[in-house]
Amino acid sequence: MSLLKVEHAGIAFGGVRALSDVSLELNRGEILGLIGPNGAGKTTLFNLISGVLVPDRGQILFDDKQTAHLKPHERAQLGIARTFQNLQLWKTMTVLENCMTPQDALRGRNIVADALRLPGAVRAEHEARERGEGILHALDLLEHADELAGDLPVGLQRRVELARALCMRPRLLLLDEPASGLDATETEELAGLLRRIRDRFQVSILLVDHDMSLVMRACHFIYVLDFGEMISAGRPEQVRDDPKVIAAYLGDAEPAAAEREVTSKDKKSPAKPARRAGAAVTPEEVAAAGSTKRREALLEVHNLGAGYGGIQVIRDVKLTVGKGEVVACIGANGAGKTTTLRAISGVIRPTSGKVIFNGIDITRKPAEWIVGRGMLHVPQGRGLFPKLSVEETFRLAAYSGSSSDNYDAAFDAFPVLKERRAQLVGTLSGGQQQMVAMARALLVKPELLLVDEMSQGLAPLVVQQLFEHITLFKDQGIAVLLVEQFVDSALSVADRAYIFEQGTIVREADAAELRRDQAVIAGAYLGTAAEVDGVAAEAPVLHADLLDELTLKLPAEIKRALEERAIKEGKDKDELAMELLAGRIER
Amino acid sequence: MSSLATGRSAKLGAGLVALAIFAVVPSFFNNLSIRADAALAVIFALAILSVVILTGYVGQVSLCQGTFVGISAFATGWLFNSGMNYWIAAVIGVALAFLLGVLVGLPALRLRGILLAIVTVGVALSFDYYFFQDQAFAWFNGGFGGWSVDSATLFGVNFDSISPDGVLHSFWLLLAVFAITAILVVNIHDSGSGRRFRAIRDSELAAATMGVNLTRYKLLGFGLSAMVAGLAGAFYPLVVGRVSAQPFSFFYSLQFAGFAVLMGVRYVPAAALAGIFMSYVPELLINVGRWTGRDIKYDYFNVILGALLVVQIITAPDGVWGDIAKRIGHLQPKRRRVAQPDNVVTT
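Residues numbered from 1 in each chain as written. Chains lettered and ligands numbered in written order. Predicted model: local features only at pLDDT ≥ 70, side-chain atom pairs only at ≥ 80, totals over all residues.

Q: Hey, could you run me through the overall build of chain A in this one?
A: Counting its secondary structure elements, chain A contains 28 helices and 20 strands. Burial statistics for chain A: of 587 residues in total, 48% are counted as buried. Nonlocal contacts in chain A, meaning residues at least 24 apart in sequence, comprise 71% of its contacts between residues at least 6 apart. (Helix = DSSP H or I, 4+ residues; strand = E, 2+ residues; numbered from the N terminus. Buried ≥ 20, exposed ≤ 12 C-beta atoms within 10 Å, placed from the backbone. Contact = placed C-beta atoms within 7 Å.)

Q: Please clarify how the environment of Val261(B) should be interpreted in this entry.
A: Residue and element names in this part refer to chain B. As for its position among the elements, Val261 is in helix α11 (residues 250-263). C-beta crowding within 10 Å serves as the criterion here: with 21 such atoms nearby, Val261 is assigned to the buried category. Each C-alpha atom, one on Val261 and one on Val320, is 8.7 Å from the other, the two residues being 59 residues apart in sequence.

Q: Quick question: what am I supposed to make of the sheet that holds strand β11 (residues 297-308) of chain A here?
A: Pairing between the strands of a sheet comes from backbone hydrogen bonds, and it takes one of two forms, parallel or antiparallel. All names here are of chain A. Pairing is antiparallel across the open sheet formed by four strands, whose spatial order is β12-β11-β14-β15. Taken across any chain shown, the strands that pair with only one partner, and hence form the sheet edges, are β12 (311-322) and β15 (360-361). Inspection of the sheet shows β11 paired to strand β14 (residues 352-357) by five bridges, in the antiparallel sense. Directly across from Val301, in β14, lies its bridge partner Val355. (Pairing = 2+ DSSP bridges.)

Q: Would you mind showing me how to read the packing of helix α7 (residues 164-189) of chain B against helix α10 (residues 214-240) of chain B here?
A: Packed helices, taken two at a time, are described by the angle between their axes plus the distance between the axes. All names here are of chain B. The interhelical angle for the contact between α7 and α10, taken along N-to-C directions, is 175°, at an axis separation of 11 Å. As the angle between them shows, α7 and α10 are arranged roughly antiparallel. Listed contacts from α10 to Val167, Ser170, Leu174, Val177 and Thr181 of α7 are Val228, Leu231, Phe235, Leu238 and Val239. Of the residues contributing to the contact of α7 with α10, the split by class is eight nonpolar, two polar and no charged. (Axes fitted to C-alpha atoms, helices over the stretch in contact; angles between N-to-C directions. Parallel < 35°, antiparallel > 145°, perpendicular 65-115°, else oblique. Nonpolar A, V, L, I, M, F, W, Y, C, P; charged D, E, K, R; others polar.)

Q: Looking at this structure, I do not really get the interface of chain A and chain B. What am I missing?
A: Where interface size is given, it is often the accessible area lost as the parts come together that is meant. On the side of chain B, 28 residues touch chain A, which itself brings 44 residues to the contact. Among the secondary structure elements, those contributing two or more residues to the side of chain A that touches chain B are α2 (72-78), α3 (95-107), α4 (111-116), α5 (119-138) and α7 (184-201) of chain A. For the side of chain A that touches chain B, the leading source of residues is α3(A), giving seven residues. Among the residues making up the side of chain A that touches chain B, the classes are represented as 21 nonpolar, eight polar and 15 charged.

Q: Please clarify how the confidence of the model for chain A should be interpreted in this entry.
A: Any segment with low pLDDT has predicted coordinates that should not be analysed in fine detail. Residues and elements named next belong to chain A. Scored by pLDDT, chain A has a mean of 76; 76% of the residues are at 70 or more. Predicted confidence for residues 253-293 stays below pLDDT 50, and this span has 39 contacts to residues more than four positions away or in other chains. Across residues 528-553, confidence stays below pLDDT 50; counting only partners more than four residues off in sequence or on other chains, it has 35 contacts. (pLDDT = per-residue confidence, 0-100.)

Q: Is there a simple way to explain the nonpolar core in this structure?
A: All names here are of chain B. Judged by nonpolar contacts, the single largest core of 192 residues is most densely connected at Ile43, Ile48, Val52, Ala260 and Ala274. If one sorts the elements of this core by residue count, helix α2 (residues 32-57) sits on top with 18 residues. Excluding its chain neighbours within four sequence positions, the residues that come into contact with Ile43 are Leu174, Ala232, Phe235, Tyr236 and Val239. (Core = buried A, V, L, I, M, F, W, Y, C linked by C-beta atoms within 7 Å.)

Q: Mind showing me how you'd approach the sheet that holds strand β3 (residues 31-35) of chain A here?
A: Residue and element names in this part refer to chain A. Within the open sheet, the six strands sit side by side as β6-β7-β8-β3-β9-β10. Their pairing is mixed. Both outer strands of the open sheet, β6 (80-82) and β10 (229-234), are each paired with one neighbouring strand and no more. When strand polarity is set aside, the average angle formed by the axes of neighbouring strands in this sheet is 20°. With five bridges joining them, strand β9 (residues 221-226) and β10 adopt antiparallel strand pairing. Bridged to Ile222 within β10 is Gly234. Those strands touched by helix α1 (residues 42-50) are β3, β6, β7 (172-176), β8 (204-208) and β9, and its axis lies near 150° from that of β7.

Q: Just checking my understanding: could you explain α11(B) for this structure?
A: Owing to its 3.6 residues per turn, the α-helix aligns residues three or four sequence positions apart on the same side. All names here are of chain B. Between its terminal C-alpha atoms α11 stretches 20 Å, which fits the 20 Å expected from 14 residues at 1.5 Å a residue. With 12 of 14 residues buried, α11 is to be regarded as a mostly interior element. Where α11 is concerned, the buried positions are Phe250, Tyr252, Ser253, Gln255, Phe256, Ala257, Gly258, Phe259, Ala260, Val261, Leu262 and Met263. Among the residues trailing α11, Gly264 stands out with phi positive, at a value near 125°. (Expected span 1.5 Å × (residues − 1).)

Q: Looking at this model, I keep getting lost on the pairing of strand β4 (residues 57-62) of chain A. Mind explaining?
A: Looking down a regular strand, the side chains alternate between one sheet face and the other. Residues and elements named next belong to chain A. Pairing analysis gives five bridges linking strand β1 (residues 2-13) to β4, with the strands arranged antiparallel. Along β4, the bridge assignment pairs Glu7 with Gln59. Of the strand pairs in this sheet, β4 and strand β5 (residues 65-66) are connected by two bridges, and their pairing is antiparallel. Within β5, the position partnered with Phe62 by the bridge is Lys65. Taken together, β4 and the strand that follows it, β5, pair antiparallel across an intervening segment of two residues, in which Asp63 is found at a positive phi of about 60°.

Q: Please explain unusual backbone geometry as it appears in this structure.
A: Note on backbone geometry: most residues besides glycine have negative phi, and most peptide bonds are trans. All names here are of chain A. In this structure, Asp21 takes a positive phi of about 50° despite not being glycine. Summarising the element assignment, Asp21 is placed in strand β2 (residues 16-27). Using a count of 14 C-beta atoms within 10 Å as the deciding quantity, one classes Asp21 as partly exposed. For Arg364, which is not a glycine, the phi torsion comes out positive at approximately 60°. Checked against the element boundaries, Arg364 lands in the loop between β15 and α15 (367-372).

Q: I would appreciate a short explanation of the pairing of β7(A) in the present structure.
A: Residue and element names in this part refer to chain A. With respect to burial, β7 is a largely interior element, five of its five residues being buried. The pairing of β6 with β7 spans three bridges and is parallel. When the sheet's bridge partners are listed, Arg82 is paired in β7 with Leu174. As paired strands, β7 and β8 are joined by five bridges and run parallel to one another. Across the sheet, residue Leu173 finds its bridge partner in β8, namely Ile205.

Rendered as structure tokens:
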């Protein structure tokens, strides 16, 4: 019955478990969602299904057939098509050629016939062209058919990828983050489009996104991945209320998640006082936050807009950072936090709005000039030089900063680094690298520090320690603007926070207050969409009329409903179906 | 559809007219050197066409195209000197080049970019200094001085390297071979096979997941390219009268790649332009030296190529022909008319 079955799949990259014991089942005609925070392993799972990677253990069944020995192109021929998170169009080919190529590949046409333009080859060419044009027409792309795919704006390129995948006459469509770069209304439209595609092209869809709003709208059933493990599965509204899912997205104050990460007890003990210490400062934070209004503004951002290659990612962003203040930016992935930081620090050019720093208008000034004015940006991925030693890194920073040769301050703040002063930065652990990045920032002595995703790829315990160091900056009178996935940790050190949603700020709040109001955060990360959306209401109830179909073809929705009831009643689902059909139990 | 077809036949017509003009010009000069240079220009054009196929279409880097030319030339010279009919020997030479191409393509299944380039350099150097020169392979490379080929006949027409008429015949035959090859290559480019090649060039990952058999099409690309290079090699002994290692050295491979990039590595007409340039410009330089009484060496030709490459990469990254094609393309109006979408699935 099921089209795709992933059974206990696992894969490791050089000792790092990317996926362990992941199982998933997709029914025919279903739009299945797969969500999880960044680095959860979603794209890795996609690569296993489409054959780009081979699992170390477990198996993947497509149409009840083993796929382990099949190469990517053979799986494509079975009917598995996919799109890519980072677009993989054939950029120097036209949009129409992009749509014809998968059809050529599936026909296995002969190069000699092609070279001599034999009648068969010419006919195949016509057919591929016609079908390609038909699908482009259906996706409203026909007017771009003769343009080079690489010349189109990113939003259209995503649609071309979808068209190209549909040209393969797939039975299963794997969509990797199709909503990235889209705003709220476009995302809503996309959800509708996906359903129409499923109905018209008779495909099943597996949809990956870390932004839940699309998944909530489009999917009947959702799986949740975190740190390479399936932590939850269910209907959209069930998943949204699952504490484990909320913990995965919010970086948790939940002990369960901490246990998952930190297994040995001695490692766990220092973390606990740290968390208590975090809680203890709350009253001070409230006081600090209260004084914010009176603080002199260091950074003022007015109606900032920016994006990449013609796609507007953020718009109308307004925020201020006072002198010596710690401000956190939180929100789902793709909400525009990183882009905001980049636009402020001059890494990308804002398209509209103004950035005022220390009373000077720094909008559209070069990044290195802005650094000279006292604003330092620690980018996502830390921006370190892996081939320099710790000491060399500091010497470089001290040179470009205060021009003194004294970098003891860095070692005082991070004594761990002192033992490793001669070690190459690239060989340090992720947490130590982040310390180097922060120590370097300390040496430059900026007035404002922009820190992007400090905790990315780090275990929660390490993250907790790093956050304590944020207070170091505060003590020195350095203002910090933080972008963070681990919300709870970020809020424990911040004075104020801005919540980003769909490329703009939807709320400004006092950090301590926000910490108490988890519902608001959950909304920002898991999408408020599902509450107003019709998916929940539409979800079919197991109904007597529908049972007639059970004997013929079982629609996905009904199968899920059946499974749920089976779990609730503790019975085997096939058994239950037979009982229902026989009328032995109440419908 | 019809507009595309007319665009296609217009291009084809223009190309054939250009080749016809090039075909008659040398017949006005009863001069061995001018006619031999014309024939060499076509040989170079074929060699550069092989770069267009491999690098321009399939996106694989190779710095051993000269080796493919050489293996075919030596095989033809060897078999001819062992008493075989020249044309049969030539066909075997081309087939050998195809096989060597597929073999060299094997590492390309794992490597790409600079690493693949290094592997092909290794192939070029080992053939250059060992198989093409060493006495151990004298049975194949003809020992010191190589093989000599005096003449061959086909349907009563005489081809040789010493009489102006014999060279003119070779030139015409070569030109016909080039024209047919070029048409077939353009056909492949515009068809399903060509699209699969170009898909590999633009994104291997997407090509594989959209059903393109990477192994088959990469090897096919290498084989096809080596075969076209082999065509150049099979005619070489006839035009020059001798096969020795020097013309197939690694250095020539570099020049083929350099000229292909300079003229536009994605375009077939660029190969013709590059062939003419490569054949006539050194001759021109020597003549300039003769007239001005200065000592101008062949090395200056490489200086010119180097300087032009630097200028081209900056001003016309798609090559000389790519730049011209783009300018012509801008003059033409867009042809596609789009019907109002009626039953589209988008909102």
